[in-house]
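# Summary of the model geometry
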Amino acid sequence: SGYVTLDIGYKNTGATKSAITFLDGEKGILKYRGYSIEQLAEQSTFIEVAYLLIYGELPTAAQLKEFEHEISIHTLVHEDMKKFFDGFPSNSHPMGQLSSVVGALAAFNPASLKQGLSPEEINTEIIKLIAKMSTVVSWIYKKSLGHPVIYPQNKLDYVTNFLHMTFGQRTEVVDFDPVVVNAMNKLLILHADHEQNCSASTVRIVGSSDANIYASISAGISALWGPLHGGANQAVIEMLEKIKLDGGDTEKWIAKAKDKKDPFRLMGFGHRVYKNFDPRAKIIKKACDDILEKLGINNEVLDIAKKLEEVALKDPYFVQRKLYPNVDFYSGIIYTALGFPTDMFTVLFALGRLPGWIAQWKEMKENKEPIGRPRQIYVGVKSRDYVPMDKR
Ligand code: CMC
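Residues numbered from 1 in each chain as written. Predicted model: local features only at pLDDT ≥ 70, side-chain atom pairs only at ≥ 80, totals over all residues.

### Regarding the site of the ligand
So the rule is basically this: Here, nearness is defined through the C-beta atom: a residue counts as near a molecule or strand if that backbone-placed atom lies within 6 Å of it. Each residue gets one of three labels, nonpolar for Ala, Val, Leu, Ile, Met, Phe, Trp, Tyr, Cys and Pro, charged for Asp, Glu, Lys and Arg, and polar for the others, Gly among them.
For the ligand, the set of nearby residues contains 20 residues, the closest of which are Ala232, Arg265, Gly270, Arg272 and Asn326. Grouping the constituent residues of the shell around the ligand by class yields eight nonpolar, eight polar and four charged.

Structure below.
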């Protein structure tokens, strides 16, 4: 065909039909498989939501038990994979480690590379990936501290096991404050899927070439790293810290964000689809207040964030462009309160987003979608003769 329609950035191009996540950006509605994000964040657990996203229904008690059991028997990673962590310099960014280690999981697992895997075999890889991801994320954190890794304790639920491997000092399991466990569950649930965003689209397009699930999701992790996407959560805290050091002058920073000659953007503000409040930001903002209060933390950065929000939401620049706080605006404040360093934030986003990426990859496979391959309009030089080196 001679005609190509351009839609740079896919601002108005649908790439698939999907039954996973519903998003109404004008009304600020987000639902997973028809269940509102508000109800899920309040009443569910992360692993239950993972089941819902991947298999389409909330699990029964027996299904959930079986799912958790299957995950728990795959939490170990190959001992040789520890050499990866030894090989990375101690200051390596956790996201660089995560994308490479997740990609390497396929290389350690030749069974996953077979073409034409059965649905049961695919399901085994899905379970393995969920299981190993939390171990890998925890070990990346341990590496940053220079501490020995902690092995999974399979009697623990997924989130507690993750906290154990991350914050535990030794093999014995310490009791985690339910406030911390609940906050972690809530944050992971809120990040679990967001329809055809940059990383999910990446996962689908890479998977559409029949690349294995680990390679597809490793690509999604790389897409998430960018500060316009998941990397925004790290960028927000860095911005808030800078504003704090600068004396907390929020008006000045809002003016910078509005100045078209200044590349600075208000991180954690604006969204391609939400032209109203991001419902995730609303839930996280409230959770932020609750958690800091329960943990007895007074956070100056939270006060700056709230002030910034207040000033921005009254400013015609932000009002006209319908720029509201997004999921990343307040999440970092909770991560900090839970004890995570700033450069781990995007890795936590990836841990939460994993079930969504898996569900998107699985749906793309089940829909038998063709290889993703956009067209272009060529605007380069039409034709010319090769010029020998001595004539250039
Ligand atoms: N600060 C200042 N101005 C902004 C901002 C911002 N954060 N976001 C958008 N704008 C302006 C932008 O300059 C443009 O103005 P104009 O019409 O005068 O040229 C207008 O608003 C529309 O923005 P856009 O860049 O065309 O919108 P987009 O849909 O391409 O980009 C976005 C969406 C999320 C990349 C963008 O809003 C942004 O860069 N936000 C800051 C980064 C951020 O918080 N990202 C996390 C997104 S949510 C979670 C996730 O995806 O991981």
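### Notes on the nonpolar core
One recurring pattern in soluble globular proteins is that nonpolar side chains are buried together. Stated precisely, the cut-off is as follows: Only buried residues count toward a nonpolar core: Ala, Val, Leu, Ile, Met, Phe, Trp, Tyr and Cys, linked into one set through C-beta atoms within 7 Å. Whether a residue is buried, exposed or partly exposed is read from the other C-beta atoms within 10 Å of its own C-beta, which are placed from the backbone; 20 or more gives buried, 12 or fewer gives exposed, and intermediate counts give partly exposed. Secondary structure elements are taken from DSSP: a helix is a run of H or I of four residues or more, a strand is a run of E of two residues or more, and numbering for both begins at the N terminus. In this entry, domain limits derive from an automatic or database-based domain assignment. Throughout, a residue-residue contact means that the two C-beta atoms, derived from backbone geometry, are no farther apart than 7 Å.
Formed by 107 residues in total, the largest nonpolar core has its most connected members in Leu98 and Ile334. Ranked by residue count, the leading element in this core is helix H17 (residues 345-366), at twelve residues. Each of two domains, domain 1 (33-228 + 352-366) and domain 2 (232-338), supplies a minimum of three residues to this core. Residues contacting Leu98, with those up to four places away along its chain left out, are Val136, Val137, Ile140, Ile221, Val347 and Ala350.

### Quick word on the packing of helix H12 (residues 250-258) against helix H14 (residues 300-314)
Under the convention used in this document: Inter-axis angles, ranging from 0 to 180 degrees, are taken between N-to-C directions of lines fitted to C-alpha atoms, where helices are fitted over the stretch in contact. When an angle is under 35 degrees it counts as roughly parallel; over 145 it counts as roughly antiparallel; between 65 and 115 it counts as roughly perpendicular; any other value is oblique. Crossings are sorted by hand: turned counterclockwise from the far helix by less than a right angle, the near helix makes the crossing left-handed, and turned clockwise it makes it right-handed.
Here H12 crosses H14 at 55°, and the two axes come no closer than 10 Å. Taken as axis vectors, H12 and H14 run oblique relative to one another. Considering the relative orientation of H12 and H14, their crossing is right-handed. Here Thr250, Glu251 and Ile254 of H12 come into contact with H14, specifically with Ile304, Lys307, Leu308, Val311 and Ala312. Residues that form the contact of H12 with H14 fall into these classes: five nonpolar, one polar and two charged.

### Structural notes on helix H2 (residues 46-55)
With respect to burial, H2 is a largely interior element, nine of its ten residues being buried. For H2, the full list of buried residues reads Phe46, Ile47, Glu48, Val49, Ala50, Tyr51, Leu52, Leu53 and Ile54. Where H2 terminates, the next one or two residues include Gly56, which has phi positive at roughly 95°.

### Re unusual backbone geometry
Residues other than glycine seldom take positive phi values, yet Tyr10 does so here, at roughly 50°. Following the sequence through the fold, Tyr10 ends up in the segment before strand E1 (21-24). A positive phi angle, near 55°, is found at Lys322, a position not held by glycine. The exposure class of Lys322 is partly exposed, given the 13 C-beta atoms found within 10 Å.

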